[in-house]
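# Remarks on the overall topology
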2 protein chains.
Amino acid sequence: MINHYCRKPLWECNDTLVGVAQGQIPADTVIKDVRLVSVTTHEVLDHTDIALAEGRVAYVALPGHTADHCIGPKTQLVDGHGLYATPGLMDSHIHIESSMVGPSEYARGVVPHGTTGIYADPHEVANVRGLEGVRAMWEDAERVPLKVMLTPPSCVPAVTGVEDTGADIDATDIAQTMTWPATVGLGEMMNFPGVLSDETRPMDEIRETLKADRVVTGHYVTTDTDRGLNAYIAAGVSSCHESGSFDDVLAKLRLGMYAQLRLGSAWLNLPGYLPQLVQSGVDTRLCLLCTDDCHPNTIVSDGHMDRVLREAVRLGLDGVTAVQMATLNMATYFGQAQDLGAIAPGKCADIVLWQDLTDFQAQMVWIDGRLVAQEGKALFAVEPFAWPDFMTHTMELGDLLTPRAFDFPCDKPDGTAKVRAIGIKAGDTLTQDAIVEVPVQGGKLQADPAHDILKLCVFDRHHGSKGTYSHGFATGFGIHGALAQTVSHDAHNLLVMGDNDADMVLAARTLEACGGGEVAVQDGKVLALVELPVCGLLSTGRVEDVAAQVSQVQEAWRQMGCKLPSPFMTMGVMSLACVPVLRQTNRGYVNCLTFQMEPLVVE
Amino acid sequence: MINHYCRKPLWECNDTLVGVAQGQIPADTVIKDVRLVSVTTHEVLDHTDIALAEGRVAYVALPGHTADHCIGPKTQLVDGHGLYATPGLMDSHIHIESSMVGPSEYARGVVPHGTTGIYADPHEVANVRGLEGVRAMWEDAERVPLKVMLTPPSCVPAVTGVEDTGADIDATDIAQTMTWPATVGLGEMMNFPGVLSDETRPMDEIRETLKADRVVTGHYVTTDTDRGLNAYIAAGVSSCHESGSFDDVLAKLRLGMYAQLRLGSAWLNLPGYLPQLVQSGVDTRLCLLCTDDCHPNTIVSDGHMDRVLREAVRLGLDGVTAVQMATLNMATYFGQAQDLGAIAPGKCADIVLWQDLTDFQAQMVWIDGRLVAQEGKALFAVEPFAWPDFMTHTMELGDLLTPRAFDFPCDKPDGTAKVRAIGIKAGDTLTQDAIVEVPVQGGKLQADPAHDILKLCVFDRHHGSKGTYSHGFATGFGIHGALAQTVSHDAHNLLVMGDNDADMVLAARTLEACGGGEVAVQDGKVLALVELPVCGLLSTGRVEDVAAQVSQVQEAWRQMGCKLPSPFMTMGVMSLACVPVLRQTNRGYVNCLTFQMEPLVVE
């Protein structure tokens with residue numbers, strides 16, 4: 001695949017590189033005396049010089065040689081003595097939206113940690129604003145050096161027929177995205193049941209991707225590593241980040257599938273299989289590292305791929321193999337190894353210097369030959385992006401948010417009624433289809449804070465007054481007050497939960513007013529607010545500030561009585577109709593095993 | 001890169017594969033209970049079943065499972081008990097012409113040895129008949145199951161300005177070949193001096209290849225593994241089969257270049273570096289195996305890539321790694337790993353069953369799901385190819401072959417003269433610029449058999465009566481009689497050598513009459529003849545018959561007094577102007593260090 005993520009294609013500058021390598025043209029930069037991590041041979045080569053020109057590596061002085069012949073009067077000299085040089089790290093699967101900032105601010109956050117490229121699936125923005133939203137994100141991305149490589153979302157909506165989203169992407173759209181230079185593959189094909197049952201929509205999306213000579217990235221969650229996994233791979237899906245165990249990982253590798261080993265903010269899979277993988281001694285060339293999601297707090301406190309490498313090494317993987325999984329293996333998978341993934345002549349000068357290969361503290365970072373970060377600071381400016389109006393006006397609620405919308409009418413006399421509630425448990429993404437008793441007063445179902453039963457409303461925020469909303473209950477959060485958020489996978493409708501209507505109305509209206517985000521309200525007072533005006537998903541602020549705001553919301557949850565570890569994340573998947581068991585969309589309850597709608601009142 | 005070497009692209013048959021994997025559609029073939037060589041994990045998986053459909057692998061039963069659910073009434077069942085299953089072997093760099101048969105007959109020869117794909121550079125035919133000749137070869141190739149993947153020749157002529165060839169291929173031609181579905185990369189860029197000095201022609205050919213998103217294969221012969229090698233790689237050349245030592249190989253791997261480890265009929269490099277490579281423990285994912293050339297006798301007696309694997313294992317490489325180097329690594333390099341190089345769902349069913357991984361005796365061979373060879377026999381028919389006239393009428397000598405052409409006139413009186421002679425040594429491709437004394441009689445230089453000095457004539461056979469011819473001497477062959485051949489790298493002009501004019505004329509005319517080949521003549525009698533009427537390079541017969549004829553010519557050489565191991569090969573490179581020191585083309589002597597023409601008579 002032609003790589004568009006470089007300063008110049010090789011064919012436009014190879015004459016210069018040939019001259020630099022032979023000392024006829026001075027290099028732009030010479031990095032002296034590093035410990036080169038040779039990902040192609042799995043070696044560390046001490047005392048190595050690297051000469052850069054035209055945004056690419058022109059010359060690597062193997063042991064016994066120097067790059068002194070490449071140095072001219074204007075050549076920038078860097079002393080790398082004692083430092084390890086690796087190719088720039090990449091993330092094989094990431095949703096930028098989890099960081100709650102736009103691509104350029106994301107870049108400012110992760111590049112100082114040694115990340116030079118990401119394979120991003122803008123699934124969340126696409127659910128709100130479709131391909132136009134994706135395009136707007138990539139306009140922002142193009143302003144910064146980070147290589148933000150696009151894998152267009154394959155599953156918008158994630159599940160059809162059970163909710164209302166802001167957009168719909170089909171195979172024709174996918175075919176169109178495959179003509180974009182930004183596109184390097186298809187985003188995670190979550191609809192594996194659709195693939196296994198040969199449904200037209202997912203299969204056609206796969207076909208359009210293969211026809212365009214690009215890879216189909218996957219998402220396969222089941223313990224059937226036999227027939228189902230074979231079928232999924234035979235369909236053309238060639239990678240997957242959803243492995244629950246070493247057996248899952250091994251089955252994928254044996255069947256020729258790239259296994260994306262994940263350490264996200266929320267999904268900490270690495271410890272679950274990496275030690276066994278190391279012990280097995282199998283070839284790891286099809287192993288890729290990824291985060292999938294990185295919350296703002298994680299980026300600010302722990303970093304990005306450097307954090308994944310630290311954990312991988314801590315779990316017993318040798319540092320060079322870990323680097324291979326974050327560089328060469330990935331470039332090979334996406335068909336970009338001619339340009340990315342190694343420090344070698346002709347390849348893009350995406351290089352990181354590290355103190356060591358255990359702590360992975362990035363000292364200096366180059367992208368396309370340009371020094372872009374040093375000692376933890378980005379050296380490039382990130383001006384606020386001028387998001388177009390359609391990206392910042394996505395709370396299309398029309399006149400839905402009346403106080404009466406929060407009434408749960410029923411035809412029962414005063415007393416109690418048996419209703420369905422979504423049962424949640426700490427640390428488990430699966431929910432339960434719980435039957436609980438709630439009070440009935442004046443023909444309305446009521447919350448029951450004494451028994452930890454909260455009201456839950458989901459408002460379609462994409463279709464104005466024509467939109468619908470639904471009523472349900474949740475148990476397990478244990479709060480007094482109300483919370484609302486527009487980060488609500490995957491349709492990102494407006495989710496409002498509370499034990500009293502007044503706080504719920506205030507929470508909902510606060511988000512409507514600011515364009516979306518997360519809010520905590522108690523007794524008529526806003527305790528904490530994260531404003532996410534871009535699609536109700538992204539802040540326009542700095543990642544450090546967003547991290548602080550998210551912490552305040554987390555603190556508010558605690559203050560309101562919640563004991564869950566990351567309650568806003570648990571709340572954020574209450575509508576996620578592709579994961580069992582009971583979920584609530586704007587259309588009502590969905591049983592996510594049968595994909596049938598379920599009534600609220602049981603008896 | 002889109003792979004055109006399959007029965008159907010995956011996007012046209014993935015629905016069927018999904019059905020087969022899940023037991024809803026019966027497989028075409030089920031291979032039961034093999035020891036699967038998993039090249040992706042570097043494992044051997046015992047008791048594995050493989051189900052095939054649509055020419056692809058639909059399902060691989062990992063340990064604990066079977067493919068019984070894929071078996072229908074029409075499914076072909078194969079018992080693989082105790083046999084090893086590997087992906088079909090490939091040859092990463094081969095000139096079919098060295099086998100002296102056309103592609104289809106070549107296929108008949110090598111497929112029973114487990115070869116399912118070759119990356120072929122039709123450099124020789126192209127020197128005679130240009131791209132039209134290449135196209136004709138590929139028409140023949142398309143009639144057989146072997147995947148004959150084209151890397152168009154980059155260096156026709158190999159060296160400009162010192163000889164006359166039948167064709168000329170420039171960057172515009174290369175750009176055109178890059179649009180052909182058959183093309184997978186650029187053939188070996190032998191003009192490395194041109195690359196290092198940034199000459200337009202080779203650099204433009206590289207650029208056209210990179211723009212077409214294909215790889216540039218290399219040929220880099222020098223001990224400068226520092227600046228020169230860096231420059232060559234930075235130019236965009238990503239593989240090389242010309243390594244003389246382990247240091248060469250290691251330098252290439254470290255600089256991100258694929259190292260093609262060679263065991264040809266003539267070039268036996270493997271022992272020279274493989275043991276050290278094994279001992280070094282470096283990552284071998286960039287190592288590819290190749291033969292470069294395979295003489296008919298080698299194919300008939302020893303095989304093809306199976307022979308290379310045997311030798312690799314004998315030299316200490318483990319069998320699975322050896323298989324990786326002949327399958328997965330190669331498919332990855334050429335951008336075809338989505339379809340080739342592993343036995344995994346969705347990939348082409350190119351599969352070989354072997355008795356073991358040391359002797360590598362192929363038992364059964366499938367290509368695109370079709371059983372194509374069994375117990376050493378090809379199961380597909382190879383009808384003689386109807387070569388077009390322009391391919392079988394290439395002895396365009398006009399009226400050059402008069403007896404007077406074999407007179408070596410000089411302006412010396414009777415006596416002796418000092419002349420240049422090409423000195424050759426057993427087992428060395430380099431020649432010497434020797435000064436010898438020869439008799440002068442009646443104004444003509446004479447051969448001197450008593451001192452092993454033979455006359456050597458090179459006739460341009462591409463330009464009819466307008467062509468030129470040259471006179472020279474050779475020493476080291478030690479024969480009485482004459483030999484002629486049109487296999488004469490790289491222009492493949494007519495080479496005639498002997499100790500008397502009468503035998504030389506007969507030898508030359510014999511080849512003119514039969515369309516080219518190799519002939520041995522003594523005392524007015526043709527001792528042996530290999531007819532190669534296609535471009536003067538390829539027989540229309542069976543590879544076994546050609547091998548027998550070549551042996552007869554070899555026997556004739558011996559009978560005529562020659563003690564060299566493969567004298568016709570040594571003779572075949574007398575005109576090879578890209579290898580030092582002294583060579584003779586149709587224009588005369590060339591010093592291949594200075595690329596200056598040199599006079600015959602010294603004093």
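The structure contained in this document is the topic of the report that follows. (Residues numbered from 1 in each chain as written. Chains lettered and ligands numbered in written order. Predicted model: local features only at pLDDT ≥ 70, side-chain atom pairs only at ≥ 80, totals over all residues. Heavy atoms only, no water.)

Glancing now at the interface of chain B and chain A. Chain B puts 60 residues into the contact, and the matching count from chain A is 60 residues. In terms of surface lost to chain A, no three residues of chain B exceed Trp11(B), Arg254(B) and Arg285(B), which account for 14% of the buried area on that side. Along the contact surface separating chain B from chain A lie 30 residue pairs in polar contact (both at pLDDT 80 or more). Among the secondary structure elements, those contributing two or more residues to the side of chain B that touches chain A are helix 1 (14-21), strand 2 (43-53), strand 3 (56-61), helix 5 (192-196), helix 6 (200-211), helix 7 (227-234), helix 8 (246-254) and helix 13 (328-333) of chain B. The residue inventory of the side of chain B that touches chain A, partitioned by class, reads 31 nonpolar, 17 polar and 12 charged. (Contact = heavy atoms within 4.5 Å. Buried area = accessible area lost by both parts, 1.4 Å probe. Polar contact = N/O pair within 3.5 Å; in protein donor to acceptor, adjacent residues only side chain to side chain. Helix = DSSP H or I, 4+ residues; strand = E, 2+ residues; numbered from the N terminus. Nonpolar A, V, L, I, M, F, W, Y, C, P; charged D, E, K, R; others polar.)

In this section: the sheet that holds strand 29 (residues 588-591) of chain A. All names here are of chain A. Strand order in this open sheet of 3 strands is 28-29-30, and the pairing throughout is antiparallel. Each edge of the open sheet is held by one strand with a lone partner, namely strand 28 (582-585) and strand 30 (596-598). With direction set aside, neighbouring strand axes in the sheet form an average angle of 40 degrees. Bridge count between strand 29 and strand 30: 3 bridges; the pairing is antiparallel. Bridged to asparagine 591 within strand 30 is glutamine 596. (Pairing = 2+ DSSP bridges. Axes fitted to C-alpha atoms, helices over the stretch in contact; angles between N-to-C directions.)

Residues and elements named next belong to chain A. For strand 19 (residues 415-423) and strand 20 (residues 432-441), the ladder comprises 9 bridges, and the chain directions are antiparallel. Directly across from arginine 420, in strand 20, lies its bridge partner isoleucine 435. Strand direction decides the pairing type here: strand 20 and strand 21 (residues 444-445), joined by 2 bridges, are antiparallel. Looking across to strand 21, one finds that valine 440 is bridged to leucine 445. The antiparallel hairpin formed by strand 20 and strand 21 contains 2 residues in its connecting segment, where glycine 442 sits at a positive phi of about 55 degrees.

After a rotation of 180 degrees and a shift along the axis of 0.0 Å, chain B superposes on chain A with an RMSD of 0.1 Å. The superposition operator between the copies reduces to a two-fold rotation axis. Most of the interface of chain B is mirrored in chain A: 100% of its interface residues are interface residues there too. (Least-squares fit on C-alpha atoms with pLDDT ≥ 70 in both.)

Turning to the side chain of Asp368(B), a few remarks are in order. Residues and elements named next belong to chain B. Its place among the elements puts aspartate 368 in the loop between strand 15 (362-367) and strand 16 (370-374). According to the relative accessible area criterion, aspartate 368 is buried, its value standing at 13%. For aspartate 368, the side chain forms a polar contact with the side chain of lysine 147, separated by 2.7 Å. Other than its neighbours up to four places away in sequence, aspartate 368 contacts Tyr5, Cys6, Arg7, Gly55, Lys147, Cys348, Ala349 and Asp350. (Buried < 20%, exposed > 50% of the residue type's maximum accessible area, 1.4 Å probe, protein only.)

Further remarks concern the nonpolar core. Of all hydrophobic cores here, the largest spans 222 residues; its most connected members are Leu261(A) and Ile351(B). A total of 9 residues in this core trace back to one element, the largest contributor, which is helix 3 (residues 123-141) of chain A. Not counting the four nearest positions on each side in its chain, Ile351(B) is found in contact with Ile31(B), Ile50(B), Leu52(B), Val57(B), Ala85(B), Thr86(B), Gly88(B), Ile343(B), Met364(B), Val365(B) and Trp366(B). Formed by 221 residues, the second largest nonpolar core is a distinct cluster that contains Val521(B), Leu532(B), Val543(B) and Cys562(B). (Core = buried A, V, L, I, M, F, W, Y, C linked by side-chain atoms within 4.5 Å.)

Now for the packing of aromatic side chains. Counted according to the given criterion, the structure contains 22 aromatic pairs over all chains. Both rings, one in Phe408(A) and one in Phe473(A), keep their centres 5.4 Å apart while their planes meet at 65 degrees; by these two values the pair is edge-to-face. Within this pair, whereas Phe408(A) is found in strand 18 (residues 408-409), its partner Phe473(A) is found in strand 23 (residues 469-475), the two being separated by 65 residues in sequence. Comparing Phe408(A) with Phe473(A), the two get one shared label, buried. Between Tyr119(B) and Phe334(B), the aromatic rings sit 3.8 Å apart at their centres with planes inclined by 5 degrees, giving stacked as the arrangement. In this pair, Tyr119(B) is assigned in strand 7 (residues 115-120) and Phe334(B) in the loop between helix 13 and strand 14 (351-354), connecting sequence segments 215 residues apart. Each member of the pair Tyr119(B) and Phe334(B) is classed as buried. (Phe/Tyr/Trp six-rings, centres within 6.5 Å; stacked < 30°, edge-to-face > 60°.)

Moving on, we come to the environment of Gly55(A). Residues and elements named next belong to chain A. Within the fold, glycine 55 resides in the loop between strand 2 (43-53) and strand 3 (56-61). A residue is classified by how much of its surface remains accessible, and glycine 55, at 3% relative accessible area, is buried. Distance from glycine 55 to glycine 369, taken between C-alpha atoms, is 4.1 Å for residues 314 residues apart in sequence. Once residues within four sequence positions are removed from consideration, glycine 55 is found in contact with Arg7, Cys348, Ala349, Asp368 and Gly369.

Turning our attention to the sheet that holds strand 7 of chain B. Strand pairing in a sheet takes place through backbone hydrogen bonds and is either antiparallel or parallel in direction. All names here are of chain B. The strand order across the open sheet built from 3 strands is 6-7-8, with neighbouring strands paired in parallel fashion. Of all the strands in the sheet, the pair left with one neighbour each is strand 6 (89-94) and strand 8 (147-150). In this sheet, neighbouring strand axes are inclined to one another by 15 degrees on average, regardless of whether the strands run parallel or antiparallel. As paired elements, strand 6 and strand 7 share 4 bridges and run parallel to each other. Bridging across to strand 7, methionine 90 finds its partner in glycine 117.

In this section: the packing of helix 8 of chain B against helix 9 (residues 270-280) of chain B. Residues and elements named next belong to chain B. With their axes 8 Å apart at the nearest point, helix 8 and helix 9 run at an angle of 55 degrees to one another. The angle between the axes of helix 8 and helix 9 places the two elements in the oblique class. For the pair helix 8 and helix 9, the contacting residues are Phe246, Val249 and Leu253 in the first and Gly272, Tyr273, Gln276, Leu277 and Ser280 in the second. Here the residues of the contact of helix 8 with helix 9 sort into 5 nonpolar, 3 polar and no charged. (Parallel < 35°, antiparallel > 145°, perpendicular 65-115°, else oblique.)

Attention now goes to the environment of Pro403(A). With respect to the helices, strands and loops of the structure, Pro403(A) is situated in the loop between helix 14 (389-392) and strand 18. Sequence separation of Pro403(A) and Glu105(A) is 298 residues, and the distance between their C-alpha atoms is 37 Å.

So, on to the pairing of strand 25 (residues 494-498) of chain A. On a regular strand, each side chain points to the face opposite its neighbour's, so the side chains alternate between the two faces of the sheet. All names here are of chain A. Among the 5 residues in strand 25, 5 count as buried, and that is most of the element. Going residue by residue along strand 25, you find Leu494, Val496 and Gly498 tucked away on one face and Leu495 and Met497 tucked away on the opposite face as well. Looking at chain direction, strand 22 (residues 453-459) and strand 25 are connected through 5 bridges and run antiparallel. Opposite phenylalanine 459, over in strand 25, you have leucine 494 as the bridge partner. In the sheet, strand 24 (residues 482-485) pairs with strand 25 via 4 bridges, with the strands oriented antiparallel. Its bridge partner being in strand 25, alanine 484 is matched across the sheet by valine 496.

To continue, consider the state of the cysteines. Residue and element names in this part refer to chain A. Following the criterion strictly, the structure yields 0 disulfides over all chains and no others. The cysteine cysteine 535 is free of any disulfide, with cysteine 514 supplying the nearest cysteine sulfur at 14 Å. For cysteine 535, a relative accessible area of 0% gives the class buried. Free of any disulfide, cysteine 578 has its nearest cysteine sulfur in cysteine 592, 7.7 Å distant. A residue is classified by how much of its surface remains accessible, and cysteine 578, at 29% relative accessible area, is partly exposed. (Disulfide = S-S within 2.5 Å.)

As a further point, take the pattern of salt bridges. Residue and element names in this part refer to chain A. Summed over the entire model, instances satisfying the criterion amount to 56 salt bridges over all chains. Aspartate 168 serves as the salt-bridge partner of arginine 201, at 2.8 Å between the closest nitrogen and oxygen. With arginine 201 in helix 6 (residues 200-211) and aspartate 168 in the loop between strand 8 (147-150) and helix 4 (171-177), the pair connects residues that are 33 residues apart, well separated along the chain. On the basis of relative accessibility, which here comes to 28%, the residue arginine 201 falls in the partly exposed class. You can call aspartate 168 partly exposed: its relative accessible area is 46%. Between aspartate 306 and arginine 310 there is a salt bridge, with the nearest N and O atoms lying 3.6 Å from each other. Taken together, the positions of aspartate 306 and arginine 310, both in helix 11 (residues 305-314) and 4 residues apart, correspond to about one turn of that helix. Judged by its relative accessible area of 22%, arginine 310 falls in the partly exposed class. (Salt bridge = Lys/Arg side-chain N within 4 Å of Asp/Glu carboxyl O.)

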